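The chain contents come next:
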Amino acid sequence: MQQKRRKLGSKRSQVVEEQVQTLLEAGFIREVKYPLWLANVVLVKKPNRNWRMCVDYTDLNKACPKDPYPLPNIDTLVDASSGYKYLSFMDAYSRYNQTPMHQPDQEKTSFLTPKVNYCYVVMPFEHKNAGDTYQRLMNKVFANHIGKLMEVYVDDMLIKIQTEETLLPNLAEVNPTEWNFYVDDSSNKAESGAGVILESEQGTQLKLCLRFEFPAKNNQAEYEALLAGLKLARVVGAKKLTIFSDSQEEKVLNIADQDQGWMTPKINYLKSETLPADKKDSKRLIREVQYYTMVHDVLYKREISTPLLKCVPTFATKEVLEEVHGGMCGNHLRTRALSKKLLRAGFYWPTLQKETTEFVKTCPPCQKHANFHTALPEELICVTSPWPFAKWGLDLLEPFP
């Protein structure tokens, strides 16, 4: 179902382009081609007189069945929250956009812009089942706390505190930073899959099931599950992970307070405008930081003709090089091709070219199977002759019969 395109004025088109760019930088949308479903964008004025871009999903909402998941009763929530000395209110950042969309259903959320068509990779605000879906997820995440320490209504959360002594412990219990990370995998000749469980110290569990549409060995499936679990841990704000898997012993992974190396001054400036003590360093930082931006506390580098490049801290550059160069999808490229592949993969750090050169030189398989140069170690010397056939010679063979 494709809606007829509606025309937008030049000012409104500019507003749409700016908000679309914000969604692209956040990773909420992607470009789509040949969509079967297509909706128009609508600009709505907010109370502060700014524009908000919405998508007219009227046709999509008519085609989708209504999710009858029950929402909490407001009066019941108010009664359950009365009598407490302190109430801590929290609001979920980006709300519905925190929920990934099912891959085959992403193109059904396609919408028109003045230049390109996009679709959501996360749950859009305008879908009629967005609130019900989000409430279901929140009830599962905080199942052990709702009705005791907190109350939840869609994306609004309320923590109930009786005394000053229990203020910080209650907040820490609702927002745990340490998790146990369990990984398991299964594979056969046709397909493979994996499961991930994140469990906090308080018993809160997040479960993730993965199905891969390609044959993979157990270690490969476990590797994919590990990456998906790390992304989930970052979303929920985990700072310390204890990883349990079949192929390795227990390992504790600290993912907080790590030295970011060359990224630290830029992150400090973008977050709090903190400058180095040296004036020359301060001027250089102000000049360089205009090419960087922060998205969800992650540093990215802006480029003219490419998407945002994720900045890699100093301690992780070797790991990135090993994976791209000789990992599961690596093919041991030479220096120039490897550096370009790293940029296409969306990575950046200032010494990328130099470290790529040194890494390729020290790669054992590359040194073992390289095509060595077969030229002579000395320069060739041309022998000139004063006239044609001056260098003829005669070989004498003996004894003759």
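Residues numbered from 1 in each chain as written. Predicted model: local features only at pLDDT ≥ 70, side-chain atom pairs only at ≥ 80, totals over all residues. Heavy atoms only, no water.

Here's the deal with the overall build of the protein
A count of helices and strands for the protein gives 12 helices and 16 strands. Counting every position in the protein, which comprises 401 residues, the buried fraction comes to 33%. Within the protein, contacts between residues separated by at least 24 positions form 57% of all contacts whose residues are at least 6 apart in sequence. Working note: accessible area of the protein is about 26,900 Å², and carbon and sulfur atoms make up 55% of it. (Helix = DSSP H or I, 4+ residues; strand = E, 2+ residues; numbered from the N terminus. Buried < 20%, exposed > 50% of the residue type's maximum accessible area, 1.4 Å probe, protein only. Contact = heavy atoms within 4.5 Å. Areas by Shrake-Rupley, 256 points an atom, 1.4 Å probe, with all protein chains shown as cover.)

Some points on the packing of helix H9 (residues 317–326) against helix H10 (residues 335–344)
Close contact between H9 and H10 brings their axes to 10 Å; oriented N to C, the two are set at 110 degrees. When the axis of H9 is compared with that of H10, the two are roughly perpendicular. Together, Val 320, Leu 321, Val 324 and His 325 of H9 and Leu 338, Lys 341 and Leu 342 of H10 make up the contact between the two elements. (Axes fitted to C-alpha atoms, helices over the stretch in contact; angles between N-to-C directions. Parallel < 35°, antiparallel > 145°, perpendicular 65-115°, else oblique.)

Topic: the pattern of salt bridges
Charged atoms that come close allow side chains of opposite charge to pair. Per the counting criterion, the structure on display carries 10 salt bridges. Between Arg 6 and Asp 56 there is a salt bridge, with the nearest N and O atoms lying 2.7 Å from each other. Of this pair, Arg 6 sits in the segment before helix H1 (10–26) while Asp 56 sits in the loop between strand S3 (51–55) and helix H2 (58–63), placing them 50 residues apart in sequence. (Salt bridge = Lys/Arg side-chain N within 4 Å of Asp/Glu carboxyl O.)

Here's the deal with the sheet that holds strand S14 (residues 298–301)
The strands that make up a sheet are held in pairs by hydrogen bonds between backbone atoms, and each pair lies either parallel or antiparallel. Reading across the sheet, the four strands line up as S13-S14-S15-S16 and stay open at both edges, with mixed pairing between neighbours. In this open sheet, the two strands that pair with only one neighbour each are strand S13 (292–295) and strand S16 (347–348). Both strand S15 (residues 309–311) and S16 contribute to a ladder of two bridges, which runs parallel. Opposite Cys 311, over in S16, you have Tyr 348 as the bridge partner. (Pairing = 2+ DSSP bridges.)

A short note on unusual backbone geometry
With phi around 55 degrees, Tyr 34 is a residue other than glycine that occupies positive phi space. Here Tyr 34 shows up in the loop between strand S1 (29–31) and strand S2 (41–45). Taking relative accessible area as the criterion, Tyr 34 reaches 78% and is therefore assigned exposed. Its identity as a non-glycine residue notwithstanding, Arg 49 has a phi of 75 degrees, on the positive side. Tracing the chain through its elements places Arg 49 in the loop between S2 and S3. Since its relative accessible area comes to 58%, Arg 49 is described here as exposed.

Brief notes about the environment of Asp 259
Within the element layout of this structure, Asp 259 appears in the loop between strand S12 (251–254) and helix H7 (264–272). Taking relative accessible area as the criterion, Asp 259 reaches 59% and is therefore assigned exposed. If we skip the residues at most four places from it in the chain, Asp 259 touches Thr 264 and Phe 315.

Describing H10
Looking at H10, one finds that the buried residues are Thr 335, Leu 338, Ser 339, Lys 341 and Leu 342. Taken end-on, H10 shows its buried residues confined to a sector of 160 degrees, consistent with a single buried face. Exposed residues pointing more than 90 degrees away from the buried face of H10 are listed as Arg 336 and Arg 344. Contacts from the buried residues of H10 go to H9, S16 and helix H11 (352–361). Once H10 ends, the next one or two residues include Gly 346, with phi positive near 95 degrees. (Arc of directions from axis to C-beta.)

A look at the pairing of S14
Strand residues, when the strand is regular, have side chains that alternate between the two faces of the sheet. Burial along S14 is two-sided: the residues Val 298 and Tyr 300 and Leu 299 and Lys 301 are all buried. Here four bridges tie S13 to S14, and the two strands are oriented antiparallel to one another. What sits directly across from Tyr 292, in S14, is Lys 301. Connecting S13 to the next strand, S14, in antiparallel fashion are two residues, including His 296 with a positive phi near 55 degrees. Bridging between S14 and S15 involves two bridges; their strand directions are antiparallel. Across the sheet, Tyr 300 pairs through a bridge with Lys 310, a residue of S15.

Let's talk about the side chain of Lys 341
The topology assignment puts Lys 341 in helix H10. It turns out Lys 341 is buried and unbridged, and the closest side chain with the opposite charge, Glu 323, is 8.5 Å from it. If near-sequence neighbours (up to four positions away) are discounted, Lys 341 is found in contact with Val 324, Cys 329, Gly 330, Asn 331 and Leu 333. (Lys, Arg positive; Asp, Glu negative; His and termini not counted.)

Quick notes on the packing of aromatic side chains
The tally for this structure, following the rule as stated, stands at four aromatic pairs. Pairwise contacts between aromatic rings join Phe 111, Tyr 118 and Tyr 120 into one cluster. Taking NZ or CZ as reference, Lys 301 lies 5.9 Å from the ring centre of Tyr 292, over its face. In this structure, Lys 301 is placed above the aromatic ring of Tyr 348, and the distance from its NZ or CZ to the ring centre is 5.1 Å. (Phe/Tyr/Trp six-rings, centres within 6.5 Å; stacked < 30°, edge-to-face > 60°. Lys NZ or Arg CZ within 6 Å of the ring centre and 35° of its normal.)

Side note on the sheet that holds strand S4 (residues 86–91)
The strand order across the open sheet formed by three strands is S4-S7-S6, and the pairing between neighbours is antiparallel. Edge positions in the sheet fall to S4 and strand S6 (150–153), since each of these pairs with one other strand and no more. Averaged over all pairs of adjacent strands, the angle between strand axes in this sheet comes to 15 degrees, irrespective of strand direction. Where S6 meets strand S7 (residues 156–161), four bridges bridge the pair, whose relative direction is antiparallel. The partner of Glu 151 across the bridge, within S7, is Leu 158.

Here we look at the confidence of the model for the protein
Of the residues in the protein, 87% have a pLDDT of 70 or more, and the chain-wide mean is 81. Predicted confidence in the protein is weakest over S12, with a mean pLDDT of 54, and strongest over strand S5 (residues 118–120), with 92. (pLDDT = per-residue confidence, 0-100.)

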